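A closer look at the structure
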Amino acid sequence: MKPTPFEYITVDSLEAALMHKKEHGDEAKLLAGGQSLIPSMNYRLAQPAILIDLNNINGLRYIKTENGELRIGTMTTQAAVEHNPIVAQAQPLIHETIPFIAHQQIRNRGTFGGSLAHADPASELPLIALALNAKFHAQSLDGERWVDAVDFIETMFTVDLTDDEILTEIAFPPFPKNTGWSFMEVSRRKGDYAMAGVAALVTLGEDGVCESARLVYLNVGDKAMDAKKAAALLAGEALTKAAIDAAADTAVNEEIMPFGSVHAAPEYQTHLSRVLTERALETAHQRAKMLLEGKN
């Protein structure tokens, strides 16, 4: 299929993009990597009257650290994030997760901010942003604001951006000390959307007991699902198999809401989520122990 007719505008500055967004509002769509938008337009699921191309705004492509935070410009490609040593050092969970996104050719064009603004519940980056307590910088001609990840992604394909705002940056707080990480997902073929996936974080105290944990899931709800109750069960506990099993049971029975797909029934997604939870927690725990032992 072909998209419906639209006006194409290319800009070379954020100010110009904001002016057009202010003028055209929800009639305009922003073109970043285009890996989600263009197929949607071809299938006429999205029918913007105006397309504003951001690819000439070089000022939105960067990876840097500032005041201990990792900051990534929205037009930075996923491939650039994948291969950046600053990211690998500062945020190992991001570094581990990026290769799971589609295929290398997609990551070469797909942008970090574009994927987050698209807010597909099957996408890896919204899950990671939530797990790492990221902040989102939104800008308009009238001002700017920061939005926490828990508030930014509201539901499926819906984020907290007004019609005249553009997402310009994502900031990640410093990675917690003595914290192990793991990301796991299962898909029918490499590069396909995952039937289910989970990110796990485990922070250990000096005595080796779990101080805190985080479990966030993809494609088992209308957005990334934060299993707070399950994670809270692990705080103050030695991460025995019984403790991990109890957390996994709570997460899959009480905190995720799989709705199934052509590739996996809800029951199968629940099964996958449980298995992945156990494996991811064990991996995160082992990594946290290695960090703690190395420190001592």
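Right, let's walk through the structure included here. (Residues numbered from 1 in each chain as written. Predicted model: local features only at pLDDT ≥ 70, side-chain atom pairs only at ≥ 80, totals over all residues. Heavy atoms only, no water.)

Looking at helix α11 (residues 241-255)
The condition that has to hold: Segments assigned H or I by DSSP are reported as helices when at least four residues long, segments assigned E as strands when at least two residues long, and all are numbered from the N terminus. Take the residue count of a helix, subtract one, and multiply by 1.5 Å to get its expected span. Only protein chains enter the accessibility calculation, which uses a 1.4 Å probe; a residue is then buried when its area is under 20% of its type maximum, exposed when over 50%, and partly exposed in between.
When the terminal C-alpha atoms of α11 are compared, their 20 Å separation across 15 residues agrees well with the 21 Å that a helix rising 1.5 Å per residue should span. For α11, the set of buried residues is Ala-243, Ile-244, Asp-245, Ala-247, Ala-248, Thr-250, Ala-251, Val-252 and Glu-255.

Let's talk about the sheet that holds strand β12 (residues 196-204)
Rules: At least two DSSP bridges between two strands are needed for those strands to be called paired.
Strand order in the open sheet formed by four strands is β11-β12-β13-β14, and the pairing between neighbours is antiparallel. If you trace the sheet from one side to the other, it starts and ends with β11 (179-186) and β14 (225-226), each paired once. Of the strand pairs in this sheet, strand β13 (residues 210-218) and β14 are connected by two bridges, and their pairing is antiparallel. The residue bridging Tyr-217 from the neighbouring strand is Met-225, located in β14.

What to know about a nonpolar patch on the surface
Applied cut-off: Patch construction takes residues with relative accessible area above 30% that form no salt bridge. Like charges are linked within 9 Å, and nonpolar side chains (Val, Leu, Ile, Met, Phe, Trp, Tyr) are linked within 5 Å. Note on areas: these come from Shrake-Rupley sampling with a 1.4 Å probe, and a residue is covered only by the protein chains present in the view. Between Lys or Arg on one side and Asp or Glu on the other, a salt bridge is scored when a side-chain nitrogen of the former is within 4 Å of a carboxyl oxygen of the latter.
There is a patch of nonpolar side chains on the surface, built from Met-1, Tyr-43 and Leu-45 and spanning about 450 Å² of accessible area. By the secondary structure assignment, Met-1 is in the segment before β1 (7-10). Met-1 sits in the exposed class, given a relative accessible area of 67%.

Quick notes on the nonpolar core
Definition in use: Side-chain atoms within 4.5 Å are what join buried Ala, Val, Leu, Ile, Met, Phe, Trp, Tyr and Cys residues into a set we call a nonpolar core. In what follows, residue pairs with any heavy atoms lying within 4.5 Å of each other are defined as contacts.
By size, the foremost hydrophobic cluster in this structure holds 38 residues, and its most contacted members are Leu-93, Ile-94, Phe-112, Phe-136 and Phe-172. Examining the composition of this core, we find that six residues originate from one element, helix α8 (residues 124-131), more than from any other. With residues near it in sequence (within four places) discarded, Ile-94 still touches Leu-70, Val-81, Val-87, Phe-112, Ile-128, Leu-132 and Phe-172. Met-195, Tyr-217, Ile-244 and Ala-251 belong to the second largest nonpolar core, which has 32 residues in total.

Description of the environment of Ser-140
Note the cut-off: Polar contact is the term for a pair of N or O atoms within 3.5 Å; when the atoms are in protein, one must be able to donate a hydrogen and the other to accept it, and sequence-neighboring residues count only if both atoms are side-chain atoms.
Mapped onto the fold, Ser-140 is located in strand β6 (residues 135-140). In this structure Ser-140 comes out as buried when scored by relative accessible area, which is 11%. When the C-alpha positions of Ser-140 and Ala-235 are compared, they lie 41 Å apart, and in sequence the two are 95 residues distant. Discounting chain neighbours no more than four positions away, the residues touching Ser-140 are Leu-18, Asp-164 and Glu-165. At 3.2 Å, the side chain of Ser-140 forms a polar contact with the backbone nitrogen of Asp-142.

Re helix α1 (residues 14-24)
Quick reminder of the rule: Here the arc refers to the set of directions running from the helix axis out to each C-beta atom.
Taken as a whole, α1 has its buried residues at Leu-14, Ala-17, Leu-18, Lys-21 and His-24. For α1, the buried positions fall inside an angular range of 145 degrees around the axis, keeping them on one side. Relative to its buried face, α1 has exposed residues pointing more than 90 degrees away, namely Glu-15, Met-19 and Glu-23. Those residues of α1 that are buried are in contact with β1, β2 (28-31), β3 (50-53), β6 and β10 (166-172). After α1 finishes, the residue Gly-25 shows a positive phi value of roughly 55 degrees.

Thoughts on the environment of Ser-212
Looking at the secondary structure, you find Ser-212 in strand β13. Other than its neighbours up to four places away in sequence, Ser-212 contacts Leu-201, Val-202 and Thr-203.

What to know about the packing of aromatic side chains
Here is the rule we go by: Side-chain rings of Phe, Tyr and Trp (the six-membered ring for Trp) are treated as a pair once their centres are within 6.5 Å; stacked means planes under 30 degrees apart, edge-to-face means over 60, and tilted covers the remaining angles.
One pass over the full model with this rule turns up four aromatic pairs. Each ring, one from Phe-100 and one from Phe-183, has its centre 5.0 Å from the other, and the planes form 70 degrees; the classification is edge-to-face. Remark: Phe-183 occurs in strand β11 and Phe-100 occurs in the loop between α5 (92-97) and α6 (104-109); sequence separation between them is 83 residues. Under the relative-accessibility criterion, Phe-183 is labelled buried at 3%. Geometrically, the ring pair formed by Phe-175 and Trp-181 is edge-to-face, given 6.1 Å between the ring centres and 80 degrees between the ring planes.

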